[in-house]
Amino acid sequence: MSVSPVDLRSDTVTRPTDAMRAAMAAADVGDDAYGEDPTVRALEERCAALLGKESGLFVPSGTMANQIALQLHCRPGDLVFVGEDAHLGRYEAGAASAFAGVQLETVPAPASLGPGLFDGEALAGVYRGAWHDQPPPSLVALEQTHNLSGGRVFPPAAVARAAAWARYMGLAVHVDGARLWNAAVATGHAESELVSPADTVSVCFSKGLGAPVGSLLAFPAARREEALRLRRRMGGSLRQAGIVAAAALHALEERPDLAQDHRHAAELASALVDAGYAMPRPPETNMVVFEVEDAAGCGVAAERAGVRVGALDARRIRAVTHRDLGGAEIARAREILVRLGPAAGNEPA
């Protein structure tokens with residue numbers, strides 16, 4: 001009997017639990033384009049309160065949530081400050097320029113914070129003013145947690161400093177909080193505390209929480225009609241959406257054990273370092289990033305041996321722990337990757 005590979009490519013590969021499927025089947029629904037789906041309304045109200053914002057809008061994806069935020073804050077030609085390797089620039093298929101018509105300006109990471117993160121001082125270092133020959137700056141966007149640096153937490157103090165600088169310069173603040181849930185568990189801060197300086201916040205229900213689909217954008221109540229129009233324009237107006245909103249609501253109320261995911265990542269990272277893999281930094285949440293000579297080749301070899309990982313670039317591999325993996329699966333993945341590693345005379349780092 002064949003054994004399924006241990007899938008560490010992402011925390012988006014999870015399957016709905018039986019309880020989640022039951023919640024979906026029993027969902028009270030209506031036409032959400034008319035604002036008549038009670039389950040969607042319940043999810044939006046619950047999540048907005050959780051984030052400390054006035055209103056929330058359920059959307060199919062995190063990319064759509066981020067793009068609506070950009071269009072709420074910016075006009076075509078505006079400048080948006082983002083961290084290194086931000087999801088807004090790397091993984092949204094050019095949507096920032098195609099839909100919002102904005103330019104993204106990367107803020108180099110200070111040595112004190114490391115890749116992907118920044119603060120007010122770093123922002124001030126790239127700010128060129130608002131002269132007529134420059135793209136007018138309008139928004140600072142932060143990513144929590146920061147994906148490509150390995151699920152790192154954007155420190156609350158750095159968020160506060162970046163937001164204070166933005167306010168001083170008259171700019172809005174958006175938090176791409178796709179994995180905000182992980183940051184809350186890692187820091188012990190409530191989600192609302194972590195995003196209190198932000199004007200808008202996007203969160204994802206299919207990363208970490210394990211819902212099959214869906215994200216939410218939270219914002220001031222005065223912007224709701226505009227956000228609804230933008231969602232419609234982008235094809236995100238749904239009908240009996242309560243069926244999928246019920247899964248997200250269930251995930252919010254019956255949280256998976258994210259702390260266990262973080263422990264599994266730490267255990268895996270420790271074993272990989274002992275096996276000779278190079279690792280830029282230990283995991284802070286549920287992502288382990290390590291370096292090899294040939295990431296694509298390592299990924300192929302790992303999958304043949306029974307574990308699936310993702311290549312971030314030519315040399316970096318990402319392994320993401322999640323709710324579908326217990327201790328036995330993590331142990332099997334650890335054994336396979338150790339066996340393929342430098343200490344075994346294979347994949348040198």
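Residues numbered from 1 in each chain as written. Predicted model: local features only at pLDDT ≥ 70, side-chain atom pairs only at ≥ 80, totals over all residues. Heavy atoms only, no water.

Q: Tell me what's going on with the overall build of the chain, and back it up with residues and numbers.
A: For the chain, the count of helices and strands is 14 helices and 12 strands. Expected size for 349 residues packed as a compact globule is a radius of gyration near 20 Å; at 21 Å, the chain falls within 12% of this value. Taken along the three principal axes of its C-alpha coordinates, the chain extends 60 × 55 × 35 Å. Long-range pairs, those at least 24 residues apart, make up 74% of the contacts in the chain between residues at least 6 apart in sequence. Accessible area of the chain: about 14,300 Å², with a carbon and sulfur share of 52%. Taking the average place of the 33 positive charges on the side chains of the chain and the average place of its 42 negative ones, the gap between the two points comes to 3 Å. (Helix = DSSP H or I, 4+ residues; strand = E, 2+ residues; numbered from the N terminus. Rg over C-alpha atoms; globule rule 2.2 N^0.38 Å. Contact = heavy atoms within 4.5 Å. Areas by Shrake-Rupley, 256 points an atom, 1.4 Å probe, with all protein chains shown as cover. Lys, Arg positive; Asp, Glu negative; His and termini not counted. Charge placed at Lys NZ, Arg CZ, Asp CG, Glu CD.)

Q: Break down the pairing of strand β6 (residues 172-177) for me, citing the residues and quoting the values.
A: β6 sits mainly inside the fold: 6 of its 6 residues count as buried. Residues of β6 alternate between two faces, with A172, H174 and D176 on one and V173, V175 and G177 on the opposite face, all of them buried. The sheet contact formed by strand β5 (residues 137-143) and β6 spans 5 bridges and is parallel. Its bridge partner lying in β6, L139 is registered against A172. The β-α-β motif built from β5, the intervening helix α7 (residues 156-168) and the parallel element β6 has right-handed crossover chirality. Relative to strand β7 (residues 200-204), β6 runs parallel, the two sharing 4 bridges. Residue pairing across strands places H174 opposite T200, the latter belonging to β7. (Buried < 20%, exposed > 50% of the residue type's maximum accessible area, 1.4 Å probe, protein only. Pairing = 2+ DSSP bridges. Right-handed = clockwise from strand over helix to strand, strands pointing away.)

Q: Please set out the state of the cysteines residue by residue, giving values where relevant.
A: Per the stated rule, a full pass over the model turns up 0 disulfides. Looking at C47, it has no disulfide partner, and the nearest cysteine sulfur is the one in C204, 11 Å off. (Disulfide = S-S within 2.5 Å.)

Q: Summarise the nonpolar core; cite the residues concerned and give the values.
A: In this structure, L51, F81, F118, V140, W181, V203 and F205 are the most contacted members of the largest nonpolar core, which totals 52 residues. Setting aside its immediate chain neighbours within four residues, F205 contacts L43, C47, F58, W181, G210, A211, G214, S215, L216, A248 and L252. (Core = buried A, V, L, I, M, F, W, Y, C linked by side-chain atoms within 4.5 Å.)

Q: An account of the sheet that holds strand β11 (residues 310-311) is needed here, citing residue identities and associated values.
A: Pairing within the open sheet is antiparallel, and its 3 strands lie in the order β9-β12-β11. The open sheet has two free edges, formed respectively by β9 (287-291) and β11, since each of these has just one partner strand. Examined bridge by bridge, β9 and strand β12 (residues 316-320) share 5 bridges and lie antiparallel to one another. When the sheet's bridge partners are listed, M287 is paired in β12 with V320. Sheet strands touched by helix α12 (residues 258-274): β9 and β12. Its angle to β9, the strand with the most contacts, is close to 15°. Along the sheet, helix α13 (residues 295-305) makes contact with β11 and β12, crossing β12 at roughly 40°. (Axes fitted to C-alpha atoms, helices over the stretch in contact; angles between N-to-C directions.)

Q: Just give me the short version of the packing of aromatic side chains, but keep the residues and values in it.
A: Counted by the stated rule, this structure contains 7 aromatic pairs. For the pair F58 and F205, a centre-to-centre distance of 6.3 Å together with 40° between the ring planes defines the contact as tilted. Taken as a pair, F58 in strand β2 (residues 55-59) and F205 in the loop between β7 and β8 (215-219) lie far apart in primary sequence, 147 residues in all. Pairing F118 with F154 gives two aromatic rings, centres 5.4 Å apart and planes at 90°, and the pair type is edge-to-face. Of this pair, F118 sits in the loop between β4 (103-107) and α6 (120-126) while F154 is found in the loop between β5 and α7, placing the two residues 36 residues apart along the sequence. (Phe/Tyr/Trp six-rings, centres within 6.5 Å; stacked < 30°, edge-to-face > 60°.)

Q: Mind laying out helix α14 (residues 327-339), listing which residues take part and the relevant values?
A: Taking 1.5 Å as the rise per residue, α14 with 13 residues should run 18 Å; its terminal C-alpha atoms sit 18 Å apart, in good agreement. Residues of α14 that are buried sit in contact with β1 (6-7), α12, α13 and β10 (307-308). (Expected span 1.5 Å × (residues − 1).)

Q: Any details on the sheet that holds β8? Residues and values, ideally.
A: As summarised here, the arrangement of the 7 strands in space is β2-β8-β7-β6-β5-β3-β4, forming an open sheet in which the pairing is mixed. Of all strands in the sheet, those with a lone pairing partner are β2 and β4, marking the two edges. Sheet twist, expressed as the mean angle between neighbouring strand axes with direction ignored, is 20°. Where β7 lies against β8, 4 bridges are found, and the strand directions are antiparallel. Considered in β8, the bridge of V203 is made with L216. Contacting β2 and β8, helix α10 (residues 224-233) crosses the sheet at an angle of about 5° to β2.

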